[in-house]
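Coordinate inspection notes
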Amino acid sequence: MEIDHFMKLSIVTTIYKSEQYIEDFVRAVSEEADKITPDYEIIIVDDGSPDNSLNVALNIQETNSRIHIIELSRNFGHHKAMMTGLKQATGEMIFLIDSDLEENPELLNLFYRKMQENDVDVVYGVQKNRKGNFFEKISGWLFYRLFNLLSGISLPQNLTTARLMKREYVRSLIRHRERELLIGGVWNITGFRQVEFQINKESKKASSYTTINKIKMALDGIASFSKVPLQLIFYFGLFILFVDSLYITYAIL
């Protein structure tokens with residue numbers, strides 16, 4: 001693959017309890033970026049990590065001018081942290097990936113080749129087999145089925161963070177102003193030409209999302225992208241009003 005000396009690449013990642021992975025991640029993703037272009041930046045968003053992740057990133061930044069660090073005032077959540085990083089990206093191509101190495105940095109070149117071959121605006125990762133225990137796999141399958149049914153959006157199952165995007169797509173993506181963000185839905189409705197790439201995701205650490213967090217995120221996502229819950233509440237209210245009217249009429253008589 002020929003190196004493009006005129007293209008700028010932005011690599012965006014977030015850190016949360018990631019101190020043991022940051023050095024290896026920066027080294028690996030830099031090696032992959034060098035194969036594409038000499039002009040790239042690495043944007044690291046500290047999502048209020050309670051460990052030593054920020055200090056590790058700052059130490060690396062002292063000897064690597066390509067690294068730009070954004071420190072959030074507290075933990076806002078993975079999705080909002082990613083959107084913060086994307087807003088600061090300046091490259092013509094933007095590669096979004098988690099820093100915990102569950103998604104291999106080699107995906108950058110695989111996605112870039114796929115993008116060139118298919119002339120698309122986005123190449124995104126989809127797990128071949130969803131990682132996690134039986135409950136996580138079943139609940140994930142149920143969420144995607146329910147979300148697609150209620151929202152009318154065809155959201156691919158088992159989306160990963162890893163995705164390579166062109167500047168025009170990211171410019172449209174960051175215009176969304178949703179407060180409670182289901183980023184997979186926002187990625188989808190932004191449009192443009194998108195193509196999936198099946199990947200294997202390794203299990204490096206336990207998920208930082210608790211079961212309660214996942215349920216809340218699912219409910220927020222369905223409420224944001226579907227009018228069905230609001231319609232159900234409306235019709236239930238009409239039903240209660242009808243029953244109350246019958247009772248009042250009976251009481252008067």
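Residues numbered from 1 in each chain as written. Predicted model: local features only at pLDDT ≥ 70, side-chain atom pairs only at ≥ 80, totals over all residues. Heavy atoms only, no water.

Looking at the overall build of the chain
Heads up, the condition is: Numbering of helices and strands runs from the N terminus; a helix is a DSSP stretch of H or I covering at least four residues, while a strand is a stretch of E covering at least two. Between buried and exposed lies partly exposed: a residue is buried under 20% and exposed over 50% of the maximum accessible area for its type, with that area taken using a 1.4 Å probe on protein chains only. The Shrake-Rupley method, run with a 1.4 Å probe sphere, supplies the accessible areas, and residue values consider only the shown protein chains as cover.
Counting its regular elements, the chain contains nine helices and seven strands. Buried residues in the chain amount to 43% of all 253 residues. Put simply, the chain shows about 14000 Å² of open surface, and 55% of that area lies on carbon and sulfur atoms.

A closer look at the nonpolar core
Condition: Nonpolar core, defined: a set of buried Ala, Val, Leu, Ile, Met, Phe, Trp, Tyr and Cys residues in which side-chain atoms within 4.5 Å join the residues together.
Counting 32 residues, the largest nonpolar core has Leu9, Ile11, Phe95 and Leu164 as the members making the most contacts within it. Secondary structure elements with two or more residues in this core: strand 1 (8–15), helix 1 (22–34), strand 2 (39–46), helix 2 (53–61), strand 4 (93–96), helix 4 (107–118), strand 6 (159–166) and strand 7 (194–199). One finds Val12, Met82, Val122 and Leu159 within the second-largest nonpolar core, a separate group that totals 24 residues.

Some details on the sheet that holds strand 4
Put simply, the test is: A pair of strands counts as paired when DSSP detects no fewer than two bridges linking them. For every element, the axis is a line fit to its C-alpha atoms; helices are fit only across the contacting stretch, and the angle between N-to-C directions ranges from 0 to 180 degrees. Two residues form a contact once any of their heavy atoms are found within 4.5 Å.
As summarised here, the arrangement of the seven strands in space is 3-2-1-4-6-5-7, forming an open sheet in which the pairing is mixed. Edge positions in the sheet fall to strand 3 (67–71) and strand 7, since each of these pairs with one other strand and no more. Direction aside, the axes of adjacent strands within the sheet are offset by 20 degrees on average. Bridge analysis of strand 1 against strand 4 gives four bridges, and the strand direction is parallel. Each bridged residue has a counterpart across the sheet, and for Leu9 the counterpart in strand 4 is Met93. Together, strand 1, strand 2, strand 3, strand 4 and strand 6 form the strand contacts of helix 3 (residues 78–88), whose direction differs from that of strand 1 by roughly 155 degrees. Here helix 4 sits on the sheet and contacts strand 1, strand 4, strand 5 (122–127), strand 6 and strand 7; the angle it forms with strand 6, its principal contact strand, is near 55 degrees.

Re the pattern of salt bridges
Think of it this way: side chains of opposite charge can pair up when their charged atoms draw near. What counts is decided by this rule: For salt bridges, the criterion is a side-chain nitrogen of Lys or Arg within 4 Å of an Asp or Glu carboxyl oxygen.
Under the counting rule described, the total for this entry stands at five salt bridges. Linking Lys35 and Glu32 is a salt bridge whose minimum nitrogen-to-oxygen distance equals 3.3 Å. According to the relative accessible area criterion, Lys35 is partly exposed, its value standing at 42%. Judged by its relative accessible area of 7%, Glu32 falls in the buried class. Each of Asp119, Asp121 and Arg193 takes part in one network of salt bridges that share partners.

Section: the packing of aromatic side chains
Heads up, the condition is: The criterion for an aromatic pair is that two Phe, Tyr or Trp rings (for Trp, the six-membered ring) have centres within 6.5 Å, with stacked assigned to planes under 30 degrees apart, edge-to-face to planes over 60 apart and tilted to the rest.
The final tally for this structure, using the stated rule, is three aromatic pairs. Geometrically, the ring pair formed by Phe95 and Phe111 is edge-to-face, given 6.2 Å between the ring centres and 85 degrees between the ring planes. Pair noted here: Phe95 is in strand 4 and Phe111 is in helix 4, with a separation of 16 residues, a long-range link. For the pair Phe95 and Phe111, a shared accessibility class is recorded, and that class is buried.

A short note on the packing of helix 1 against helix 2
In plain terms, the rule: Comment on the angle field: the value is read as roughly parallel under 35 degrees, roughly antiparallel over 145, roughly perpendicular from 65 to 115, and oblique elsewhere. Ten residue types, Ala, Val, Leu, Ile, Met, Phe, Trp, Tyr, Cys and Pro, are classed as nonpolar, four, Asp, Glu, Lys and Arg, as charged, and the remainder, Gly among them, as polar.
The contact between helix 1 and helix 2 brings their axes to 10 Å, and the two run at 40 degrees. Viewed along their axes, helix 1 and helix 2 adopt a mutual orientation that is oblique. Packed against helix 1, whose contacting residues are Ile22, Glu23 and Val26, the element helix 2 presents Ser53, Val56, Ala57 and Ile60 at the interface. Of the residues belonging to the contact of helix 1 with helix 2, the class tally is five nonpolar, one polar and one charged.

Focus on the pairing of strand 3
Looking at chain direction, strand 2 and strand 3 are connected through five bridges and run parallel. If you follow Val45 over to strand 3, its bridge partner there is Ile70.

A few points about the side chain of Thr160
Structurally, the position occupied by Thr160 is in strand 6. Thr160 sits in the buried class, given a relative accessible area of 2%. If near-sequence neighbours (up to four positions away) are discounted, Thr160 is found in contact with Glu103, Gly125, Val126, Gln127, Trp187, Ile199 and Lys201.

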